[in-house]
Amino acid sequence: MTPLYQAMLSQAAIGHMLSVRDVSKFSAAEIRQTMADLVAANQIPLANALAAAGQSLYPESEDILAISALLAEIQQDWTTAEELLRKLVETQGEAATPFTWRHLIRVLRCQCEPGKALQAAQQAMAAHPTDATLREEFLALQELVSAQVPVAASAQMH
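Treat the numbers as computed from the prediction; the structure is a model and nothing was measured.

Peer 1: In this structure, what is going on with the environment of lysine 116? I would like to understand it.
Peer 2: Locating lysine 116 in the fold gives a position in helix H8 (residues 114–127). The spatial distance from the C-alpha of lysine 116 to the C-alpha of methionine 17 is 38 Å, given a sequence separation of 99 residues.

So this is what it looks like as structure tokens:
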């Protein structure tokens, strides 16, 4: 159990939350690990509070963005997950991982946005043309989107 985890639980036991100042004593990696531990212990409200503090302290941290996005996904908060994943892709730039792209595509699909998911898959394929999972996702989305687009009649019926 990390010191941050212990501090969060002890404060929660007396009905308080750690302040951002208290959390600022910990690194982004320590916050990420503690969030993962809190989720594993089904302490979702504490994990959410820590995510908010982590994002305010380390807004550009890949660790914080990634774990916060996963937390949003667990809670099916697709809008927040998309926002965080897009920020993560932007932060990672050309180094955005296939894992990050797959999560963004999944979130867009969960929002019933196949067109946006296909655009993300195209970007992901440009960055990672040999990733088999991204290729499968791209092809499935291409098929899904093309099936949703009505075919225009080439000749008028009489």
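Peer 1: In this structure, what is going on with the side chain of glutamate 82? I would like to understand it.
Peer 2: For glutamate 82, the position within the fold is in helix H6 (residues 78–92). Excluding residues within four positions of it along the chain, glutamate 82 makes contact with Leu104, Val107, Leu108 and Gln111.

Peer 1: So what exactly am I meant to see when it comes to the nonpolar core here?
Peer 2: Generally speaking, nonpolar side chains in soluble globular proteins are found buried as a group. If you look at the biggest cluster of nonpolar residues, it comprises 25 residues, and the most contacted ones within it are Leu85, Trp101, Leu104, Ile105, Ala120, Leu134 and Leu141. The set of elements that each furnish at least two residues to this core consists of helix H5 (62–74), H6, helix H7 (98–110), H8 and helix H9 (132–148). Residues within four places of isoleucine 105 in sequence aside, it is in contact with Ala117, Ala120, Ala121, Ala124, Leu134, Glu137 and Leu141. Counting 19 residues, the second-largest nonpolar core is a separate cluster that includes Met35, Leu38, Ile44 and Leu71.

Peer 1: Got a minute to help me understand the packing of H8 against H9 in this structure?
Peer 2: Two packed helices can be described by the angle between their axes and the distance between those axes. Close contact between H8 and H9 brings their axes to 9 Å; oriented N to C, the two are set at 145°. Considering the relative orientation of H8 and H9, their crossing is left-handed. Contact residues: H8 offers Pro114, Gly115, Ala117, Leu118, Ala121, Gln122, Ala124 and Met125, while H9 offers Leu134, Arg135, Phe138, Leu141, Gln142, Leu144, Val145 and Gln148. Its residues assigned to classes, the contact of H8 with H9 comprises 11 nonpolar, 4 polar and 1 charged.

Peer 1: Mind showing me how you'd approach the environment of alanine 140 here?
Peer 2: Here alanine 140 shows up in helix H9. The spatial distance from the C-alpha of alanine 140 to the C-alpha of leucine 118 is 9.0 Å, given a sequence separation of 22 residues.

Peer 1: So what exactly am I meant to see when it comes to H6 here?
Peer 2: Within an α-helix, residues lying three or four positions from one another point in the same direction, as the helix has 3.6 residues per turn. With 15 residues, H6 should cover 21 Å at 1.5 Å per step; its first-to-last C-alpha distance of 20 Å lies within 8% of that length. Residues of H6 that are buried: Trp78, Ala81, Glu82, Leu84, Leu85, Leu88, Val89 and Gln92. Contact partners of the buried residues in H6: helix H4 (44–57), H5 and H7.

Peer 1: I would appreciate a short explanation of the side chain of histidine 128 in the present structure.
Peer 2: For histidine 128, the location among the structural elements is in the loop between H8 and H9. Among the residues examined, histidine 128 registers a relative accessible area of 18% and is labelled buried. Discounting chain neighbours no more than four positions away, the residues touching histidine 128 are Ala96, Thr97, Pro98, Trp101 and Leu134.

Peer 1: How should I be thinking about the pattern of salt bridges in this particular structure?
Peer 2: Side chains that carry opposite charge are capable of pairing whenever their charged atoms lie near each other. For the structure on display, the rule yields 6 salt bridges. Of the charged contacts in the structure, one is a salt bridge between aspartate 63 and arginine 32, with a shortest N-O distance of 3.3 Å. Of this pair, aspartate 63 sits in helix H5 while arginine 32 sits in helix H3 (residues 28–40); the two residues are 31 residues apart in sequence, bridging distant segments of the chain. Relative accessible area serves as the criterion here: at 29%, aspartate 63 is assigned to the partly exposed category. Measuring nitrogen to oxygen at the nearest pair gives 2.9 Å for the salt bridge that ties arginine 106 to glutamate 73. Placement of the pair is arginine 106 in helix H7 and glutamate 73 in helix H5, with a sequence separation of 33 residues. Looking at arginine 106, the relative accessible area reads 41%, which means it is partly exposed.

About the thresholds
Residues numbered from 1 in each chain as written. Predicted model: local features only at pLDDT ≥ 70, side-chain atom pairs only at ≥ 80, totals over all residues. Heavy atoms only, no water. Helix = DSSP H or I, 4+ residues; strand = E, 2+ residues; numbered from the N terminus. Contact = heavy atoms within 4.5 Å. Core = buried A, V, L, I, M, F, W, Y, C linked by side-chain atoms within 4.5 Å. Buried < 20%, exposed > 50% of the residue type's maximum accessible area, 1.4 Å probe, protein only. Axes fitted to C-alpha atoms, helices over the stretch in contact; angles between N-to-C directions. Left-handed = near helix turned anticlockwise from the far one by under 90°. Nonpolar A, V, L, I, M, F, W, Y, C, P; charged D, E, K, R; others polar. Expected span 1.5 Å × (residues − 1). Salt bridge = Lys/Arg side-chain N within 4 Å of Asp/Glu carboxyl O.

Geometric descriptors of this kind do not, in isolation, establish any biological role.
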